[in-house]
Structure formats: structure tokens, C-alpha cells
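# Topology and contacts: notes
Residues per chain, in single letters:
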Amino acid sequence: MRFAKPLLAAFALGSMVALPAHAELDVASLKQSIETSFESEYPKLDALYKDIHAHPEIAFQEEKTATKLAAEMRAIGFEVTEKVGKTGLVALYKNGDGPTIMVRTELDALPMEEKTGLPYASRDKTIWQGRETFVTHSCGHDIHMASWVGTAKTLVGLKDQWKGTLMFIAQPAEEVGAGARAMLADGLFTRFPKPDAGFALHDGAFPYGYVNYRVGVGSSNADGLYIKFKGRGGHGAVPQATIDPVMMASRFVVDVQSVISREKDPTEFGVVSIGSLHAGTTGNIIPDEAVLLGTIRTFKPDVRAKMHDGIERTAKAVAAMANAPAPDIKIAEGIKAVINDPAVVATAEKVLKAAFGDKFRATPPVTPSEDFSEYINAGVPSMFFNIGVYDPERVAAARNGGPPLPGNHSPLFAPVPKPTIQTGVTAMTLAVLSAFDQKAKGQ
Ligand SMILES: [Zn+2]
Ligand SMILES: [Zn+2]
């Protein structure tokens, strides 16, 4: 049976307009049903989560992780294609005629050591960029994977509630911003159906049971900055015979912040950070070049264009002041901002608000970046939302001056698995059902 209640109020109005004979989702009954199913499935999800957590794999090395997820999805009844975009998975479940709804998880972990002390903490190591490193799921992609499998299982259990195709994708290499592009380049939307709507979630350092979302911009545009200032090397005691690139680099690092403070609209988000500055070998030699690496973050394309222009102009001006040749400037286009689709969000919003009440909150966009934007830019109207991971009392204590909460990418990041995954499964299942329901209404 379908968890639906008739639009009695609308019919009672006696409107002359022919209303579609379609019922609203009965969110309370659905939520109850999802929670009951979650409770019986949780032991398996918990084991999967802890196994993936203890054995993380880094960008494009996620072979064992992908194999585990493929087995889970086949057991649920999905048709699974492996090695899409190197280590990615596409899992399809067809359930009659209807739209295709995509749910994405990431597969990858980070090159760092876990220091949580949890019994299921990772001690695994790998080779990354030529060096041995520990590997840790400190961004919580393991939570996303467990929620993804749990959502798939729940939606199949509720298959009398929707018609269409589930397209569950597991993406490699989110942390290096390359996995979504790899899957798209490998025919994600040509070898497989192009989804009518897409969803993804990310965990974060706020109370479990809460879901944060936003309409429009959800995360930042990230561009890489490379500048080489070219000088003339010489003796540190004879500066007049040199053109000092260290001076140019130093001046640039300070002056470029005036692009932020004087050129950009102060009400708009924009950041430029120089994270690497290399020049010279010792104290008494003025080197002949200085190389800077930075990152540029923005939400809006016009702010982005303005910042690129200001950064280039500042670098050229600094070189001109020193009577140096023009610097080499490269701005590498990185990940684009996630822009949540207003219609997809509006549909999910009604259902999630009914299910979570005040724990479903609209929040400002976050300043990190996320390559889920690649699917959106490929034409899939989508919603990206966040779920909390910590005990609410611990969050309250942190707000009142207690120990700070370790965020994503901290060696101490430690979600509480059950309530976090439960929120992920419940919110994602309802979001997907809302999208099927909306399409079934023909809206
Ligand atoms: Zn991350
Ligand atoms: Zn992440």
C-alpha cells in the first residue's frame, strides 16, 4: 500500500479547476516505516561501516571499498557496473516506468593518520605521491557509504511507493576533485540513464539528528593559483645589481588581499590564500625566481571573474614596480560551486520539514568545495544537504567553552555511527521519494 492521504482540503474547496487525482505523501507513516526497516538492517550497516572505516582507501585506489559496495548492492537486487571512472560504481534498480533519480556517495579517504583511539580506527597505510602514508576516513565518506547502502535497501523495501529507476553511484577521488569528472568522462550519462534529479549528502561537526540544507549556492568555486616572479639573482650585499623576486612575492602576498578588501563587494564571499611560497636556498643569495601557490574561493561567477582579474593585475603591477619581466600566472579552473536546484529543494523541503521539524534547517553555504557540482553542471537538477555526527550534549558543551569539536579532515573526527547513519538513511530515502512523487504528479 502507498503511504498517502487524499487531498481532502483541496477537494473541499469545491474548486472548478480539475485537480490532479494525486495524493500527498504521508510522511509520518513513511518515516515510521523507514525507521522500523533501519532498526532491523542496522547491525549489517554497522558492520559495513566499521569495516570500511578500518580499511580506508585513497583517491582512485578504492578497489576493495568498491568491491564491498558492489556486493551489497547486488544482494539488494541492483544491477551493478564496476570500474566506471577507474574505481567508480553505477548501480541501477528498475521499478517500472518513471523518472531516474540519482544518489551519490564518495568512496575515498584521506592521506593522514587517525588519532581517535576508536576500536575500529584505521591503521592502514598506502603509497601516495611516492611516499608511504596512513589513510583515514576523516571526511566521513564511510558514513555516506553506509547511508547510501541503507537508503538503497530501504527504497527497495518501499518499492510499492514509487515507480522509476534508482541510479546509485559511488564516486572515486572526491578529495582530489577528480572523481566526478572521471565518471562523466567514462560515459556516466551516456552508457547509463541521465537522471531527472540527483541527491548527495555530507556529514559535518554538528548534532546528529539534524539536517542542514540550502537553496542555490551550497559550496564554493575552487581555483588553483600559480605565480612565478622572475628576477635577477645576485649577492645579498649587492641588491642594486639584482631584481629581487622575494621582495615581489612578499609585496604580492600582502597587496593581493586588497583585491578582497577594496575591489570585491564586501557582502559577497571571496577568499584568496597563498599556501606555498618558495624562493632561494640560503641567506646571502638573492634568488632569481619565487614561486607562489594559492587557492581562490568564491560562490558567484561574477565575483570569481573580478577576483581573477584583480589577482593578475596585482601580480603584474608588483613585477612592473620592480622593473622585472612579467610574471608567469596560471589560474587553474578547479571545482565549481554546488548550486542546489530550487524546484528539487522545494519538493524535498516539504517532506523533510514534515519529518524532521526544527531539526531540518536552512543554513548559509559552506566555503569548502565539492565535485558533486560536476553532475549538476552536466544537467542534473540536484540537492546537496548535510547531516550532523556528534552527540548534541557534546556540541552544546563545545559551544559553552568545552573541548572543541573535531571537524572533517581532523585526525580526531569521530561520528557517532548509528544516529548519524539513521539520519542519513531517513533523510535521503524521503528526499528520493519526494522526487519520485513530484515527477509522478507531472510537475
Ligand atoms: Zn573532505
Ligand atoms: Zn568529504
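None of the values given here were measured: they were computed from a predicted structure. (Residues numbered from 1 in each chain as written. Chains lettered and ligands numbered in written order. Predicted model: local features only at pLDDT ≥ 70, side-chain atom pairs only at ≥ 80, totals over all residues. Heavy atoms only, no water.)

Here the focus is the overall build of the protein chain. Check the secondary structure of the protein chain and you find twelve helices and 20 strands. Within the protein chain, contacts between residues separated by at least 24 positions form 80% of all contacts whose residues are at least 6 apart in sequence. Accessible surface, the protein chain as shown: approximately 19300 Å² in total, 56% of it carbon and sulfur. In the protein chain, which carries 46 positive and 49 negative side-chain charges, the distance between the mean positions of the two groups comes to 2 Å. (Helix = DSSP H or I, 4+ residues; strand = E, 2+ residues; numbered from the N terminus. Contact = heavy atoms within 4.5 Å. Areas by Shrake-Rupley, 256 points an atom, 1.4 Å probe, with all protein chains shown as cover. Lys, Arg positive; Asp, Glu negative; His and termini not counted. Charge placed at Lys NZ, Arg CZ, Asp CG, Glu CD.)

We now examine the packing of aromatic side chains. Taken as a whole and judged by the stated rule, the model has 14 aromatic pairs. An aromatic cluster of three or more residues is present, and its members are F78, Y93, W148, W162, F168 and F436. The ring of Y226 carries K330 above its face, with NZ or CZ at 4.8 Å from the centroid. Note that R394 overlies the ring of Y390, its terminal NZ or CZ placed 4.7 Å from the centroid. (Phe/Tyr/Trp six-rings, centres within 6.5 Å; stacked < 30°, edge-to-face > 60°. Lys NZ or Arg CZ within 6 Å of the ring centre and 35° of its normal.)

Okay, the pattern of salt bridges next. All chains considered together, the criterion is met by 23 salt bridges. With a closest N to O distance of 3.9 Å, E41 and K153 form a salt bridge. You can see E41 sitting in helix α2 (residues 27–54) and its partner K153 sitting in helix α4 (residues 141–157), a full 112 residues away along the chain. Using a relative accessible area of 17% as the deciding quantity, one classes E41 as buried. Between D223 and R304 there is a salt bridge, with the nearest N and O atoms lying 2.7 Å from each other. Taken together, the positions of D223 in strand β12 (residues 221–230) and R304 in helix α8 (residues 301–321) put the pair 81 residues apart, joining distant regions of the chain. A single burial state applies to D223 and to R304, both of which are buried. One continuous salt-bridge network, built from bridges that share partners, spans R104, E106, E370 and D371. (Salt bridge = Lys/Arg side-chain N within 4 Å of Asp/Glu carboxyl O. Buried < 20%, exposed > 50% of the residue type's maximum accessible area, 1.4 Å probe, protein only.)

Taken together, C139 (SG), E175 (OE), E175 (OE) and H409 (NE2) make up the protein donors of the zinc ion (ligand 1), found 2.0 to 2.6 Å from the metal. The coordination sphere of the zinc ion (ligand 1) comprises four donor atoms, whose angles at the metal cover 54 to 148°; the geometry is irregular. Mapping the donors of the zinc ion (ligand 1) onto the primary sequence gives the spacing C-x35-E-x233-H. The distance between the zinc ion (ligand 1) and the zinc ion (ligand 2) comes to 3.1 Å, and C139 binds to both of them. With C139 in the loop between β7 (131–134) and α4 and H409 in the loop between α11 (392–399) and α12 (417–440), the pair connects residues that are 270 residues apart, well separated along the chain. (Donors = N, O, S within 2.8 Å, 3.2 Å for Na, K, Ca; no water. Tetrahedral: all angles 85-135°; square planar, octahedral: opposite > 155°, others 65-115°.)

Before going further, it helps to examine the sheet that holds strand β5 (residues 100–106). Sheet architecture is open: eight strands sit in the order β3-β4-β8-β5-β9-β20-β10-β19, paired in mixed fashion. In this open sheet, the two strands that pair with only one neighbour each are β3 (79–84) and β19 (360–362). Pairs of neighbouring strands in the sheet enclose a mean axial angle of 25°, with direction left out of account. Taken together, the four bridges between β5 and strand β9 (residues 197–207) define a ladder with parallel strand orientation. Bridged to R104 within β9 is A200. (Pairing = 2+ DSSP bridges. Axes fitted to C-alpha atoms, helices over the stretch in contact; angles between N-to-C directions.)

What follows covers the coordination of the zinc ion (ligand 2). Taken together, C139 (SG), H141 (NE2) and H202 (NE2) make up the protein donors of the zinc ion (ligand 2), found 2.1 to 2.3 Å from the metal. In the primary structure, the donors to the zinc ion (ligand 2) are separated according to the pattern C-x1-H-x60-H.

Okay, the confidence of the model for the protein chain next. On average, residues of the protein chain score 93 in pLDDT, and 95% of them are at 70 or above. For the stretch residues 5–21, pLDDT sits under 50, and the model shows eight contacts to residues farther than four places along the chain or on other chains. (pLDDT = per-residue confidence, 0-100.)

Core analysis: the largest hydrophobic core is formed by 63 residues, its most contacted members being L69, M73, F78, F168, F199, M383 and F385. In contact with F199, not counting residues within four places along its chain, are I101, M102, V103, R104, V344, A348, F372, M383, M428, A431, V432 and A435. Core analysis: the second largest hydrophobic core is formed by 21 residues, I227, V256, A315 and A319 among them. (Core = buried A, V, L, I, M, F, W, Y, C linked by side-chain atoms within 4.5 Å.)

A few words on the sheet that holds strand β16 (residues 289–298). Across the sheet, which stays open at both edges, the four strands sit in the order β14-β16-β12-β17 with antiparallel pairing between neighbours. Only two strands of the sheet have a single partner each, and these edge strands are β14 (270–279) and β17 (328–332). Taking the axes of each pair of neighbouring strands and ignoring which way they run, one obtains an average angle of 15° across the sheet.

All right, on to unusual backbone geometry then. The phi dihedral of Q129 falls on the positive side, at around 50°, and the residue is not glycine. Even without a glycine there, the phi angle at N323 is positive, about 60°. You can see N323 is positioned in the loop between α8 and β17. Its relative accessible area of 66% is what places N323 among the exposed residues.

This part covers the packing of helix α9 (residues 342–356) against α12. Here α9 crosses α12 at 140°, and the two axes come no closer than 8 Å. Between α9 and α12, the angle is such that the two are oblique. Along this stretch, α9 crosses α12, giving a crossing that reads as right-handed. For the pair α9 and α12, the contacting residues are T347, A348, V351, L352, A355 and F356 in the first and T423, T426, A427, L430, A431, S434, A435 and Q438 in the second. Tallied by class, residues from the contact of α9 with α12 come to nine nonpolar, five polar and no charged. (Parallel < 35°, antiparallel > 145°, perpendicular 65-115°, else oblique. Left-handed = near helix turned anticlockwise from the far one by under 90°. Nonpolar A, V, L, I, M, F, W, Y, C, P; charged D, E, K, R; others polar.)

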